[in-house]
Amino acid sequence: MKAQTVTYKIEAGKFQWELAPGKVIGAWGYNNQIPGPILKARKGDTLVIKFKNNLDEPTTIHWHGLRIPSMMDGTDDVQKPVLPGETFEYRFVLPDAGTYWYHSHFNEPKQMERGLYGVIIIEDETNLKVDADRLFVIDDMKLTADHKFKQAGWFLPRFIERHDGREGETLLINGKEQPTIEINAGQTERWRFVNASSARYFLLNLGGKSFQIIGTDGGLIENPQTATELLITPGERYELLAGPFEEGESFFIESLPYNRMTSVKPKQQQFARVQVGESKASVAVIPEVLRKITPLAAQDAEVARSVKFSVGPSLKRGLDLKINDGIHAHDEPVKIGDLQVWELINASLMDHPFHLHGFFFQVIEENGAAPEYRAWKDTINLPPKSTIKIAWMPDNRPGRWMYHCHILEHHAAGMMAHFEVVDDLMNATARASEYSPHQFH
Ligand code: C2O
Ligand code: CU
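## With respect to the pairing of strand S29 (residues 386–392)
1) Next: Buried residues dominate S29, accounting for six of its seven residues.
2) Next: Sheet topology note: the strand S25 (residues 340–346)/S29 ladder contains seven bridges and is antiparallel. Looking at the pairing, glutamine 340 lines up with tryptophan 392 of S29.
3) Next: Judged from the four bridges that link them, strand S27 (residues 362–366) and S29 form a sheet pairing that is antiparallel. Within S29, the position partnered with glutamine 362 by the bridge is alanine 391.

## Quick look at the pairing of strand S21 (residues 305–314)
1) Next: Of the pairings in the sheet, the one linking S21 to S25 comprises five bridges and is parallel in character. The residue bridging valine 307 from the neighbouring strand is leucine 344, located in S25.
2) Next: Both S21 and strand S22 (residues 318–323) contribute to a ladder of six bridges, which runs antiparallel. The residue bridging glycine 312 from the neighbouring strand is aspartate 320, located in S22.
3) Next: The loop that links S21 with its antiparallel partner S22 comprises three residues.

## Brief notes about the pattern of salt bridges
Any two side chains of opposite charge can pair if their charged atoms end up close together.
1) Next: This model, assessed by the stated rule, comprises 35 salt bridges.
2) Next: A salt bridge links glutamate 86 to lysine 80; the nearest nitrogen and oxygen atoms lie 3.9 Å apart.
3) Next: The exposure class assigned to glutamate 86 is partly exposed, which follows from its relative accessible area of 30%.
4) Next: Given a relative accessible area of 46%, lysine 80 falls into the partly exposed group.
5) Next: Arginine 374 is the salt-bridge partner of glutamate 222, the closest N and O atoms lying 3.6 Å from each other. You can see glutamate 222 sitting in strand S16 (residues 219–227) and its partner arginine 374 sitting in the loop between S27 and strand S28 (379–382), a full 152 residues away along the chain.
6) Next: Of the residues examined, glutamate 222 reaches a relative accessible area of 12% and is grouped as buried.

Criteria and thresholds
Residues numbered from 1 in each chain as written. Chains lettered and ligands numbered in written order. Predicted model: local features only at pLDDT ≥ 70, side-chain atom pairs only at ≥ 80, totals over all residues. Heavy atoms only, no water. Buried < 20%, exposed > 50% of the residue type's maximum accessible area, 1.4 Å probe, protein only. Helix = DSSP H or I, 4+ residues; strand = E, 2+ residues; numbered from the N terminus. Pairing = 2+ DSSP bridges. Salt bridge = Lys/Arg side-chain N within 4 Å of Asp/Glu carboxyl O.

Structure, rendered in C-alpha cells:
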C-alpha cells in the first residue's frame, strides 16, 4: 500500500466530561473527549497534527514511543511551549507499527491527570487475524465527593504525593468508570492496553483466565506468551489475545494487589465488567511466529553507562527524586551508531517506571537473569533495589532527548535527565557544559 499523509486536528481545551451517569467533571483533554481521538495510520505514513491550545496555560504534545525526529518530540527541550490560543503543527513519518500514545508534556501532573492523553494505533502487514481489536486505556483520578479534582493540600499530603505519586479511587477505562464490555463467545480478540495513569501500577487479571501476550511498547513480540497476570506500569503498553470465552460468562477486568512500596495500600480493584454473549464463528488466525526481533546485544555485553535512581531527603524541597544523585540531571551525549548498553540501577526502596524518549530498547538482563522473551520497549519497571540492563541503538536522529521516571510526580520532582544524540562526541561534550535547561522558558 502506498504511504499516505494522515492529518488530524487536535485542540486541547476544557470541557465537561461524564465519567459515569450523573458524575460530571471539569476535564481537560483533546477534542473534548477522554481519551483524545484515536489516531490511526499505517507504518510509513506521514502523520500531520494541526494542534491548537485552547487551555489558559501553555502545553506541548509528546508522542510517547514514536521514533521521530528530536524536534517533534514535544518536550520543552526542543520546542517553545504552545501558548494559550496558539497553534503548532507536528509532522513526522511513522516508522513502526504498534500501540503508542500521546500526552501533554507540560505541567504533566495536572494536565495529564485531567485528561490530556490519547492513543495512536499504527498498522502494518501481518498474518495475525483476530475477531476484534479493542483498546483499553487505564487511568485513575483523585476526586472529591463533589467530583472536583482534589488538591494535593498542605505540607504532609503534598509530601506524600511527591513520594508516592498521585493515585485516586476513580478508576477509568477509556475515560469511563466501570463500563460493561460485551463480547461474543467463541471469539479471539486483540486487546491493547495503555496505562495512562499518573502513578498507578496495574496488575492485569481477567477473572483468572489465561490470555496471550503478543505485543509490547514497540509492537509485536516473536511468539505469543501465555499468562494469567501482567504488570502494566505507567507509560507501558501491552497487546494481548483474549478469549475464546463461553456464552453467559461474566468477569472483571481488574488489577490485582501490587505492592510498589509506598503508603498506598495494595488492593484488588475492578475497572470494567466483561459480559459474554451468544457464540459467533471465529475467523482468527494466530501464527506461531508473529515476527522476528534481532537481538541488539548479548546478556553479558559490557556496560557503557550506569543510571542510578534514588530518593532522598532535601532541606529545601522535603524530598528529592534523583537521577545519578542530581535532580533534572544532564547526562553525557551518545553518538549515532554507537550501541548503548546501560545499566539502570534502582537504589531506592520503591518502584520506578523508566521511560526513554524517541528510541526503543531491549532488556538484556534483569537482576542477573535473562528476560523471559525478547521485546522492543520504551518503558520498563525498575523494582526496588534492582538492576536492569538495556541495549539501544541511537540511529540518525540527532538532537535533544530525555529519559525519566513515568510516575508524573517523580518526573516533576527531578527524576529525569536530558541528553543529546550527536554525530560528533567531542563537540557535543563542549556544548553540554554550556547548555542551560529549559532554554525556552
Ligand atoms: Cu510518556 Cu516524557 O513521557
Ligand atoms: Cu519514580
